[in-house]
Amino acid sequence: MKIVHIANHVQEAGNGIVNVMVDLACEQAGMGHEVAVVSGGGSYEPLLYRHGVTHYTLDQTRRPASILRAFFQFRSLMRQIRPDIIHAHMMTGALLSRYLKGLNSYKIVTHVHNEFQKHADLMRVGDAVIAVSDAVAKSMAARGIRQNKLKVVRNGTVGSPRKLRESSMFEHKGLTIVTVAGLYTRKGIGDLIEAFELIAAKMKDVCLYIVGEGPDRALFEEQAASSIYRNQIKFEGFQQDPAPYMHAADVFVLASHKDPFPLVLIEAREAGCAIVATGVDGIPEALDHGGSGILVPPKQPAKLAEAVIELLENAERREYFRMRAKEGLEFYKVQRVAEETLHIYREVLNR
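Quick caveat, the model's predicted, so the values are computed rather than measured.

J.: Describe the sheet that holds strand β2 (residues 34-39), naming the residues involved and giving the relevant values.
T.: The 7 strands lie next to each other as β3-β2-β1-β4-β5-β6-β7, forming an open sheet whose pairing is parallel. Two strands bound the open sheet, and with one partner strand each, they are β3 (54-57) and β7 (150-152). Adjacent strand axes in the sheet meet at a mean angle of 25 degrees, parallel and antiparallel pairs treated alike. In the sheet, strand β1 (residues 2-6) pairs with β2 via 5 bridges, with the strands oriented parallel. Pairing of lysine 2 across the sheet is with glutamate 34, part of β2. Of the strands in this sheet, β1, β2, β3 and β4 (85-88) are in contact with helix α3 (residues 64-81), which crosses β1 at around 160 degrees.

Rendered as structure tokens:
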């Protein structure tokens, strides 16, 4: 099968959409399919090349002149490649694929990673629409996408080709709370900092490590600087390999307000973390509806602090959730994600 994945870039920057696409492309190529990625380029290009995936550079900047050039360049590429499937992971690629469809024989599969974005509605142009969780599928159905188009493929990171590097050790003292997330308001970083004040007031020698980068970093740094516990709040920035922080964590926290199906929770489970996360969107599905981590309401720092304190004070309870986190990870293999996705391709090709 000839498969083309299209996204805005392939930059290693903690972008879950890009990470899912790169994993899929590499796995599908390993299964013997002819796979290409079309994007604006980035640091994952050598990884794609090593796994037999061809990369074509296409600037999809949303400016009229750039989009017009992208239209003609993409048309030329598709005439050259003649794919069976175009798998669009972002809105621009989905629309380019649809506008060029015409008499082309390829089928379009769109992948809804962030359904909370308004333009996620545009992903309806696919012959099939993949949702990353039941919660996302339900939301997209409510927005008018036909049920027979919607397919659920939950994310997985186990066996990802992106994680073949040797992890280093992270030196720390005392109790450690870790979050790995983009620094956006919707990730609940402000709630976590507020909760940490309650935690630090009760627990001695506890530190919060915030791993990630994003446009709201200055806002969170300002909030942390006003805390009397500011010296115990560490902003670590984006880390290519956050695993050492996860392995060092006494408690891993994800305080999102919205999160369709965060890859980071599967990575935290692989690391054997005791997890506290908000019960929004696809997060309960990623944590077996509370079986693999403690779920708390979003935007309630006091409830978040209470759950974290419970784990920090109770080593036995903490160990229980560490063990539960590592159970059932077989389901979250990249291979399963690729196989389910290929099944969807075959379905649309055989219609």
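J.: Requested: an account of helix α6 (residues 189-202), with residues and values cited.
T.: Between its first and last C-alpha atoms α6 spans 20 Å; for 14 residues at 1.5 Å apiece the expected length is 20 Å, and the two agree. Where α6 is concerned, the buried positions are Ile189, Gly190, Asp191, Leu192, Ile193, Ala195, Phe196, Ile199 and Ala200. Buried residues in α6 make contact with β8 (175-180), β9 (206-211), α7 (217-225), β10 (233-237), β11 (251-254) and α11 (301-313).

J.: Account for the sheet that holds β11, naming residues and giving values.
T.: What the 6 strands build is an open sheet, ordered β10-β9-β8-β11-β12-β13; its pairing is parallel. Two strands in the sheet have a free side with no partner beyond their single neighbour: β10 and β13 (294-296). Neighbouring strand axes in the sheet, compared pairwise and without regard to direction, differ in orientation by 20 degrees on average. Bridge count for β8 against β9 is 6 bridges, and the pairing is parallel. When the bridges of β9 are listed, leucine 175 appears paired with valine 206. Along the sheet, helix α9 (residues 263-270) makes contact with β8, β11 and β12 (275-278), crossing β11 at roughly 170 degrees. Where α11 meets the sheet, its contacts fall on β8, β9, β11, β12 and β13, and the angle it forms with β13 comes to roughly 160 degrees.

J.: Hey, could you go over the environment of lysine 138 for me, with residue numbers and the actual values?
T.: Mapped onto the elements, lysine 138 comes out in helix α5 (residues 134-142). Exposure remark for lysine 138: the relative accessible area of 66% places this residue in the exposed category. In the structure, lysine 138 is positioned 143 residues away from aspartate 281 in sequence and 10.0 Å away in space, judged by C-alpha atoms.

J.: Which residues make up the pattern of salt bridges, and what are the values?
T.: For side chains of opposite charge, pairing can occur when their charged atoms come near one another. On inspection of all chains with the given rule, the structure shows 17 salt bridges. The partner of arginine 143 in a salt bridge is glutamate 115, with the nearest N and O atoms 3.5 Å apart. Of this pair, arginine 143 sits in the loop between α5 and β7 while glutamate 115 sits in the loop between β5 (107-112) and β6 (128-131), placing them 28 residues apart in sequence. When its relative accessible area of 25% is taken as the criterion, arginine 143 is described as partly exposed. Here glutamate 213 ties to arginine 217 by a salt bridge, and the two come within 2.7 Å at their closest N and O atoms. Look at glutamate 213 and you get partly exposed, because its relative accessible area is 40%. When salt bridges with common partners are traced through the structure, they connect Glu115, Asp121 and Arg143 into a single cluster.

How each quantity is defined
Residues numbered from 1 in each chain as written. Predicted model: local features only at pLDDT ≥ 70, side-chain atom pairs only at ≥ 80, totals over all residues. Heavy atoms only, no water. Pairing = 2+ DSSP bridges. Helix = DSSP H or I, 4+ residues; strand = E, 2+ residues; numbered from the N terminus. Axes fitted to C-alpha atoms, helices over the stretch in contact; angles between N-to-C directions. Contact = heavy atoms within 4.5 Å. Expected span 1.5 Å × (residues − 1). Buried < 20%, exposed > 50% of the residue type's maximum accessible area, 1.4 Å probe, protein only. Salt bridge = Lys/Arg side-chain N within 4 Å of Asp/Glu carboxyl O.

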